[in-house]
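Letter by letter, the chains look like this.
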Amino acid sequence: MKLLRYGPKGHEKPGTLDAEGRIRDLSGVIADITPEQLHGPALEALKAIDPATLPLVEGQPRYGVPVNGSRKFIAIGLNFADHAEESNLPIPAEPVVFTKAITCLNGPNDDVIIPRGSEKTDWEVELGVVIGKTATYVTQAEALDHVAGYVLINDVSERAFQTERGGTWDKGKGCDTFGPVGPWLVTTDEVGDVQNLDMWLDLNGKRMQTGNTRTMIFGVAEIVSYLSEFMTLEPGDLITTGTPPGVGLGQKPPLYLKPGDTVRLGIQKLGEQGQTFVEWTR
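What you are looking at is a predicted structure, and each value in this text was computed from that prediction instead of being measured.

**Digging into the overall build of the chain**
Thought 1: When its secondary structure is counted, the chain shows six helices and 18 strands.
Thought 2: Against the 2.2 N^0.38 benchmark of 19 Å for 282 residues, the chain shows a C-alpha radius of gyration of 18 Å, consistent with a compact globule.
Thought 3: Each of the three principal axes of the chain carries a C-alpha extent, and together these read 55 × 45 × 30 Å.
Thought 4: Looking at the chain as a whole, 56% of its 282 residues are labelled buried.
Thought 5: By element, 51% of the accessible surface of the chain is carried by carbon and sulfur atoms, the whole surface being about 12100 Å².
Thought 6: Looking at charge distribution, the chain has the averaged site of its 26 positive side-chain charges lying 4 Å from that of its 38 negative ones.

Next up, the structure:
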């Protein structure tokens, strides 16, 4: 099942996608897609609905972030060996963990704001994991049972804020609009083998990133299990799992985003998204 939220920002309605790729309205069934809808009988009840029985949404409405009310946005860095190499950093022995601020969440096709003073805003196509069941000290064998589904994420990053301003990477990862998510949350049964999904990203129509989740250093099950040692993962929590090579930092010379640039990205089975990057004006 593909769960989504559509409509103007702050006024999204719940929906799902039918077999023809059309949006169907779920607002007669649930008020919104929230963490409470992502586990147990609630999710199974949604998956049992025939989308053809739901009202058809006309036109091409805006997509919002697929889940309303996520409390954590956790990220894994340097999770592709060739990306670590292009970043001139060693392959990590354990997952590199940082956070993206919840306030950076953004619709998948909304504009992204280049922060005030930024000179090194960068792109990263990533697989996102949405937790569906509370996880504390879960084994790798159990981990995927705690996942509701998967999403496409652009882990937008400001490299100078990230690595040149002292402290943790978080400074360059959680700027407003730096977390485009969606267009849909695809449930685990529809995705199948999450460790064999093609990934790509284009900048101004030119292919920059090409990869596959099979080359992740730490797979989804290992990541969920690992994180659950250090924090309780709750329904609705987002985990973004790293990017393949081809980011702006890795170009020779480095290439960063400027106002007017557009990116388009996708992951097999998870859809596509695209953003225009705009100057900070407030």
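There's more to say after this.
**A few points about the pattern of salt bridges**
Thought 1: Overall, the coordinates contain 22 salt bridges when judged by the stated rule.
Thought 2: With its nearest N and O atoms 3.5 Å apart, the salt bridge here joins Glu44 to Lys47. Residue Glu44 and its partner Lys47 are located together in helix 1 (residues 40-47), separated by three residues, close to a single helical turn.
Thought 3: Taking the shortest distance from any N to any O, the salt bridge between Lys258 and Asp261 comes out at 3.2 Å.
Thought 4: On the basis of relative accessible area, Asp261 is assigned to the buried category, the value being 5%.
Thought 5: Taken together, the shared-partner salt bridges in this structure form one network comprising Lys100, Asp122, Glu124, Asp155, Arg159 and Lys173.

**Looking at the sheet that holds strand 18 (residues 271-279)**
Thought 1: One open sheet accounts for five strands, arranged 7-18-17-14-15; its pairing is mixed. Edge positions in the sheet fall to strand 7 (112-114) and strand 15 (206-212), since each of these pairs with one other strand and no more. Ignoring strand direction, the axes of neighbouring strands in this sheet form an average angle of 20°.
Thought 2: Looking at chain direction, strand 14 (residues 198-203) and strand 17 (residues 262-267) are connected through five bridges and run antiparallel. Across the sheet, residue Trp200 finds its bridge partner in strand 17, namely Gly266.

**A word on empty space enclosed by the protein**
Thought 1: Enumeration over the complete set of coordinates arrives at one cavity of 30 Å³ or more.
Thought 2: Of the voids in this model, the largest cavity is the one considered here, and its volume is about 30 Å³.
Thought 3: In this structure, the largest cavity is lined by Val65, Pro66, Val67, Ser70, Val130, Val151, Val181 and Leu238.
Thought 4: Of the residues belonging to the lining of the largest cavity, the class tally is seven nonpolar, one polar and no charged.

**Let's talk about the pairing of strand 18**
Thought 1: Here strand 7 runs beside strand 18; their pairing, made up of three bridges, is parallel. When the bridges of strand 18 are listed, Ile113 appears paired with Val278.
Thought 2: Hairpin remark: strand 17 followed by strand 18, antiparallel, with three residues in the connecting loop; positive phi at Lys269, about 75°.

**Remarks on the UniProt feature "domain: Fumarylacetoacetase-like C-terminal" (unreviewed entry) in the chain**
Thought 1: Here, UniProt's "domain: Fumarylacetoacetase-like C-terminal" (unreviewed entry) annotation points to residues 72-277.
Thought 2: Spanning residues 72-277, this segment combines 13% helix with 33% strand, and its end C-alpha atoms are found 25 Å apart.

**Let's talk about helix 6 (residues 220-227)**
Thought 1: Among the eight residues in helix 6, six count as buried, and that is most of the element.
Thought 2: Looking at helix 6, one finds that the buried residues are Val220, Ile223, Val224, Ser225, Tyr226 and Leu227.
Thought 3: Structurally, helix 6 contributes buried residues whose contacts are with strand 4 (73-77), strand 5 (96-99), strand 9 (125-131), helix 3 (140-143), strand 10 (147-154) and strand 16 (238-240).

Reading the values: rules and limits
Residues numbered from 1 in each chain as written. Predicted model: local features only at pLDDT ≥ 70, side-chain atom pairs only at ≥ 80, totals over all residues. Heavy atoms only, no water. Helix = DSSP H or I, 4+ residues; strand = E, 2+ residues; numbered from the N terminus. Rg over C-alpha atoms; globule rule 2.2 N^0.38 Å. Buried < 20%, exposed > 50% of the residue type's maximum accessible area, 1.4 Å probe, protein only. Areas by Shrake-Rupley, 256 points an atom, 1.4 Å probe, with all protein chains shown as cover. Lys, Arg positive; Asp, Glu negative; His and termini not counted. Charge placed at Lys NZ, Arg CZ, Asp CG, Glu CD. Salt bridge = Lys/Arg side-chain N within 4 Å of Asp/Glu carboxyl O. Pairing = 2+ DSSP bridges. Axes fitted to C-alpha atoms, helices over the stretch in contact; angles between N-to-C directions. 1 Å grid on protein atoms, 1.4 Å probe; cavity = no way out; pocket = protein on both sides within 12 Å on 5 of 7 lines; lining within 4 Å. Points joined across faces, edges and corners; volume = space filled by probe spheres on them. Nonpolar A, V, L, I, M, F, W, Y, C, P; charged D, E, K, R; others polar. UniProt positions renumbered as here; feature names shortened; annotations may be inferred. Contact = heavy atoms within 4.5 Å.

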